[in-house]
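# Remarks on the overall topology
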Amino acid sequence: MANVNLRDVRKIYNQTQVIHGVNVDIDDGEFVVLVGPSGCGKSTLLRMIAGLEEISDGQVHIGSTIVNDMSPKDRDIAMVFQSYALYPHMTVAQNMGFSLQMRGNAKAEIRTQVEKAAKILNLEPLLERYPRQLSGGQRQRVAMGRAIVRNPQVFLFDEPLSNLDAKLRVVMRGEIKALHQRLGSTMVYVTHDQIEAMTMADKIVVMRDGFVEQVGSPLALYDRPANLFVAGFIGSPGMNFLSGRYASGAVWIGDVSLPVSDLPVSASEGRQVVYGIRPENLAITDDDGLPLVVEVIEPTGAETHVVGHISGQRVIGVFRERFTTRPGGVLRVKFDPRKVHLFDQQSEQRIN
Amino acid sequence: MSAIESRTAMSAPMQSTSRLGNRLKQVALHTAVFLLCLVWFTPVLSLFVTTFRSESDSSRTGWWYAFIEWRPVLSNYVEAIYLTGVGRSVVNSIVLTVPTVLGTVLFSAIGAFALARMRFRGRIALFLAMVGFQVLPPQLVLVPMLKFFLALGLTGTFIPVWIIEMGLTVPFGIFLLYGFFASIPSDLVEAARIDGASEPRIFFQIILPLSGAVLASLAILQFMIAWNHLLIPLIFLGSGSLSPLTVQVASLAQTNAGGLNTLTAATFISVIVPLVLIVTLQKYFVRGVLGGAVKG
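Please read these numbers as outputs of a predicted model, since none were measured by experiment.

## Notes on the overall build of chain A
Along chain A, the regular secondary structure elements total 8 helices and 20 strands. Burial analysis of chain A (352 residues in total) assigns 53% to the buried set. Within chain A, residue pairs in contact and separated by at least 24 positions form 66% of the contacts whose partners lie at least 6 positions apart. Surface exposure of chain A reaches about 15,600 Å², of which carbon and sulfur atoms provide 47%.

Given below as structure tokens:
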């Protein structure tokens, strides 16, 4: 087990910079998720930690060593690929034991290690099968088993659940999380799925275009996103954004005023701001509420999603209570002023 | 009549016409294949039958008479193998072909692996040059090669034949394997790298085991080429005691030493090895050549 520290890490491909000086500290035993839209550089960053991509500038520390010039095998890491990358011509046991075989371990010891890992992942009945004889979820588990057998300092996961169907993804999500709790190893996990990030991470690193947008615990990112991008990326359905003007303690959209709680607002009067409110922070109220013109109603059973608009701006609300309003009708809602996120329209940074 | 019933009633005659059309197409196809087979196999059959006929039979009647009065003799084979040196030249052919095949497969695989999986300067240029130079006829290099091996004193041995046969096929071999190696997912190679495998280990333990079919098809191809080559062994080995089947049969045809039926027996011996090889290994051959053509 070890900590991983990225110091001003950069990646330049033929004069195009794709990673712009990333600084991230991953503590020993922490589960860190790198999340962002495709092309944000999260996989590249992971591959740089693994040693599969050259580090153009900056330093990567694993434990107390700088690993920049080390080959992947010397970094004491294990990686689980999106495609699983199982060797098709080897049995499950051979796949899992391959790294130990490369290290020159004795056959009996390899067998013991493989069986130990197989037991953790319930792979024992499958050890003599070939990858082509396994289902997607089983292959996924073998890929994890191959990583566990090595007992590495750091586990790296590159979108390991993307090839699974939705239901299995939820199951495997739980298994990986349980594995982390059991092994207590440092894990770095790349995904584009913010739900995966939220449910699994101790710490989330949100990336965009090769920059780190925010680092923090899942709930910290959810409750206090540092900028518009993080606010929009984390959470599903996404946060509502209403652009307006800040004046005398409230945000004005035309002549409708939206409440802002007494949190200190570092915005000067008349400034253009984005008013952010999460869908679940809307509540149905009596006649004095804001008029939400309903367009679409999506009942999920436990809650109902309502898509509509307020003063011409699109708003989504999530309500637990039932109501009778139909599409085309008006639902009176109020915003929870303590849950308001204010962003500067120009800089897109949080200002409350 | 309900809607469903009327639809069934309407589609029934249409279905039977299309079934008839399919049937006709099939008959035409089978006829064409049968005719092609006839054209291809009649000479082979005549050759085969003649090898079992005595010289006197052959001089009196055509080969098809063998089916009317079947009097097989083995004397042609005995004569071909013992008297004309064909037996020895079968061994020579094997000694010539097997190392050539093994070398071609190994060197093509190494070359293709380097071009497909390693990053170095001039990689693309090298690859293009290799593909491009294949259009040059091999006769072009024979004189310089002969001079070269004469200077080394290696003519009259198998070494120059092995080297030249390999040299002529390896570029094509690299071209064939390159596409296959390039299609092996890079994740596999990277996983092996993380697992601690060195490049030679990746080559021998990951890439080669996954390439069995395409390697087999290259091997079969090279076997046929090397087995059937006349010019190169003739130049470098002469028609002496080291000459392979092709050279031996050719000289037999010129000298007419054993008579026509002995010649046919000798020819058939030279054909039988590649024939057996192709028939038994054809599934690898087809799989290898078509490999990567469609998503598997």
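Still more to cover.
## A few points about the interface of chain A and chain B
How big an interface is tends to be reported as the loss of accessible area on association of its parts. Facing the 22 residues of chain A at the interface are 15 residues of chain B. Buried area between chain A and chain B, both sides added, is near 1,600 Å², and the carbon and sulfur share of it is 66%. When residues of chain A are sorted by the area they lose upon contact with chain B, Tyr87(A), His89(A) and Met102(A) head the list and together hold 32% of the total. At the junction of chain A with chain B, the criterion picks out 1 salt bridge. The residue Glu190(B) makes a salt bridge to Arg47(A) at a minimum N-O spacing of 2.6 Å. In this assembly, chain A and chain B are joined by 7 residue pairs in polar contact (both at pLDDT 80 or more). When contributions to the side of chain A that touches chain B are tallied by element, the ones reaching two or more residues are helix 1 (42–50), strand 6 (77–80) and helix 2 (92–103) of chain A. Taken together, the residues that form the side of chain A that touches chain B break down as 14 nonpolar, 4 polar and 4 charged.

## Topic: helix 1 of chain A
At 3.6 residues per turn, the α-helix brings residues three or four places apart onto the same side. Residues and elements named next belong to chain A. For helix 1, the tally of buried residues reaches 8 of 9 residues, placing the bulk of the element in the interior. Taken together, the buried positions of helix 1 are Lys 42, Thr 44, Leu 45, Leu 46, Arg 47, Met 48, Ile 49 and Ala 50. Of the residues one or two after helix 1, Gly 51 is the one with positive phi, at around 95°.

## Structural notes on a nonpolar patch on the surface
Residues and elements named next belong to chain B. A surface patch of nonpolar side chains, about 850 Å² in accessible area, is lined by Phe 133, Val 135, Leu 136, Leu 140, Val 141, Met 145, Phe 148, Leu 152 and Leu 168. Ranked by residue count, the leading element in the nonpolar patch is helix 6 (residues 139–152), at 5 residues. Looking at where Leu 168 falls in the secondary structure, it is placed in helix 7 (residues 159–183).

## Considerations on unusual backbone geometry
All names here are of chain A. Between Ser 236 and the following residue, Pro 237, the backbone shows a cis peptide bond with an omega angle of -5°. Mapped onto the elements, Pro 237 comes out in the loop between helix 8 (228–233) and strand 11 (240–247). With phi around 70°, Gln 15 is a residue other than glycine that occupies positive phi space. Topologically, Gln 15 is positioned in the loop between strand 1 (4–13) and strand 2 (16–26). Of note in the backbone geometry, Tyr 84 takes a positive phi value of approximately 70° without being a glycine. Within the fold, Tyr 84 resides in the loop between strand 6 and helix 2.

## Focus: the environment of Val189(B)
Residues and elements named next belong to chain B. Structurally, Val 189 is set in helix 8 (residues 186–194). Placed 114 residues apart in sequence, Val 189 and Ser 75 show a C-alpha to C-alpha distance of 58 Å. For Val 189, the contacting residues outside a window of four places in its chain are Arg 117, Ile 202 and Ile 207.

## Notes on the layout of surface pockets
Its volume calculated, the second largest pocket comes out at about 580 Å³. Taken together, 19 residues form the lining of the second largest pocket, with Leu52(A), Glu53(A), Arg119(B), Glu190(B) and Arg193(B) sitting closest to its centre. Ranked by residue count, the leading element in the lining of the second largest pocket is helix 8 of chain B, at 4 residues.

## A word on empty space enclosed by the protein
Enumeration over the complete set of coordinates arrives at 2 cavities of 30 Å³ or more. Reported here for the largest cavity is a volume of approximately 60 Å³. Lining the largest cavity are Ala78(A), Met79(A), Phe81(A), Arg146(A), Ala147(A), Arg150(A), Ala191(B), Ile194(B) and Asp195(B). Those elements giving two or more residues to the lining of the largest cavity turn out to be strand 6 and helix 4 (136–149) of chain A together with helix 8 of chain B. Broken down by class, the residue content of the lining of the largest cavity amounts to 6 nonpolar, no polar and 3 charged. If you trace the second largest cavity, you find it lined by Arg53(B), Asp57(B), Arg60(B), Thr61(B), Glu69(B) and Arg71(B). A class-by-class count of the residues in the lining of the second largest cavity yields no nonpolar, 1 polar and 5 charged.

## Describing the sheet that holds strand 20 (residues 341–344) of chain A
Residues and elements named next belong to chain A. Read from one edge of the open sheet, 5 strands run 13-12-11-14-20, paired in antiparallel fashion. With one partner strand each, in any of the chains shown, strand 13 (256–259) and strand 20 form the two edges of the open sheet. Here the strands of the sheet are splayed against their neighbours by 45° on average, with no regard to which way each runs.

## Quick notes on the nonpolar core
Counting 80 residues, the largest nonpolar core has Leu6(A), Leu156(A) and Phe181(B) as its most contacted members. When residues of this core are assigned to their parent elements, the largest contribution, 9 residues, is made by helix 4 (residues 86–117) of chain B. When sequence neighbours within four positions are dropped, the list of residues in contact with Leu156(A) reads Leu46(A), Ile49(A), Ala50(A), Ile77(A), Ala78(A), Met79(A), Val80(A) and Val188(A). Membership of the second largest hydrophobic core comes to 45 residues, among which are Tyr84(A), Leu100(A), Leu126(A) and Ala147(A).

## Regarding the pairing of strand 3 (residues 31–35) of chain A
Residues and elements named next belong to chain A. Among the 5 residues that make up strand 3, 5 are buried, leaving the element largely enclosed by the rest of the structure. Here strand 3 shows no split at all, with Phe 31, Val 33 and Val 35 on one side and Val 32 and Leu 34 on the other all buried. Bridging between strand 3 and strand 9 (residues 203–208) involves 4 bridges; their strand directions are parallel. Its bridge partner lying in strand 9, Val 35 is registered against Val 206.

## Description of the pairing of strand 18 (residues 313–319) of chain A
All names here are of chain A. For strand 18, a buried count of 6 out of 7 residues is recorded, marking the element as mostly surrounded by other parts of the structure. Judged from the 7 bridges that link them, strand 17 (residues 304–310) and strand 18 form a sheet pairing that is antiparallel. Among the inter-strand pairings, His 309 is bridged to a residue of strand 18, identified as Arg 314. Between strand 17 and strand 18, which pair antiparallel one after the other, the connecting turn spans 2 residues, and Ser 311 there sits at a positive phi close to 50°.

## So, the sheet that holds strand 16 (residues 290–299) of chain A
Residues and elements named next belong to chain A. Reading across from one edge, 15-19-16-17-18 is the order of the 5 strands in this open sheet, with antiparallel pairing throughout. Of all strands in the sheet, those with a lone pairing partner are strand 15 (282–284) and strand 18, marking the two edges. Mean inter-strand twist for the sheet, computed between neighbouring axes without regard to direction, equals 45°.

## A closer look at the environment of Gly136(A)
Residue and element names in this part refer to chain A. Here Gly 136 is to be found in helix 4. Here Gly 136 falls in the partly exposed class, since its relative accessible area comes to 31%. Once the C-alpha coordinates of Gly 136 and Gln 345 are considered, the two residues, 209 residues apart in sequence, prove to be 45 Å apart. The contacts of Gly 136, once residues within four sequence positions are left out, are Tyr 84 and Leu 164.

Criteria and cut-off values
- Every chain's residues receive numbers from 1 upward, in the order its sequence appears when written.
- Written order decides the labels, with chains lettered from A and ligands numbered from 1.
- Local features are withheld for residues below a pLDDT of 70 in this predicted model, meaning they are given only at 70 or higher, and side-chain atom pairs are given and counted only at 80 or more; totals for whole chains, interfaces and linings count all residues.
- Side-chain numbers come from the whole structure's heavy atoms, not from hydrogens or water.
- Only DSSP runs of H or I covering at least 4 residues are called helices, and only runs of E covering at least 2 are called strands; the numbering of each starts at the N terminus.
- The buried label applies to any residue whose accessible area, calculated with a 1.4 Å probe on protein chains only, is under 20% of its type's maximum; exposed applies above 50%, and partly exposed to all values in between.
- Should any heavy atoms of two residues lie within 4.5 Å, those residues are counted as being in contact.
- The protein chains shown are the only cover counted for residues, whose accessible areas, like all others here, come from Shrake-Rupley with a 1.4 Å probe.
- Buried surface area refers to the total accessible area, computed with a probe of radius 1.4 Å, that the two partners give up upon joining, counted for both partners together.
- The term salt bridge refers to a side-chain nitrogen of Lys or Arg lying within 4 Å of a carboxyl oxygen of Asp or Glu.
- By the criterion applied in these results, polar contacts are pairs of N or O atoms within 3.5 Å in which, for protein atoms, one can donate a hydrogen and the other can accept it, and in which residues neighboring in sequence qualify only through two side-chain atoms.
- Gly falls in the polar group here, along with every residue not listed as nonpolar (Ala, Val, Leu, Ile, Met, Phe, Trp, Tyr, Cys, Pro) or charged (Asp, Glu, Lys, Arg).
- To count toward a patch, a residue needs a relative accessible area above 30% and no salt bridge. Like charges then connect within 9 Å, nonpolar side chains (Val, Leu, Ile, Met, Phe, Trp, Tyr) within 5 Å.
- As defined here, a cavity is a set of points on a 1 Å grid over the protein atoms alone where a 1.4 Å probe fits but cannot get out. A pocket is an open set with protein on both sides within 12 Å along at least five of seven lines, and residues line them when an atom is within 4 Å of a point.
- Grid points are joined across faces, edges and corners, and a volume is the space filled by probe spheres set on the points.
- At least two bridges found by DSSP between two strands is the condition for calling them paired.
- In this description, a line fitted to the C-alpha atoms serves as the axis of each element, helices being fitted only across the stretch in contact, and the angle between N-to-C directions of two axes falls anywhere from 0 to 180 degrees.
- Definition of nonpolar core: a set of buried residues of the types Ala, Val, Leu, Ile, Met, Phe, Trp, Tyr and Cys, connected through side-chain atoms within 4.5 Å.

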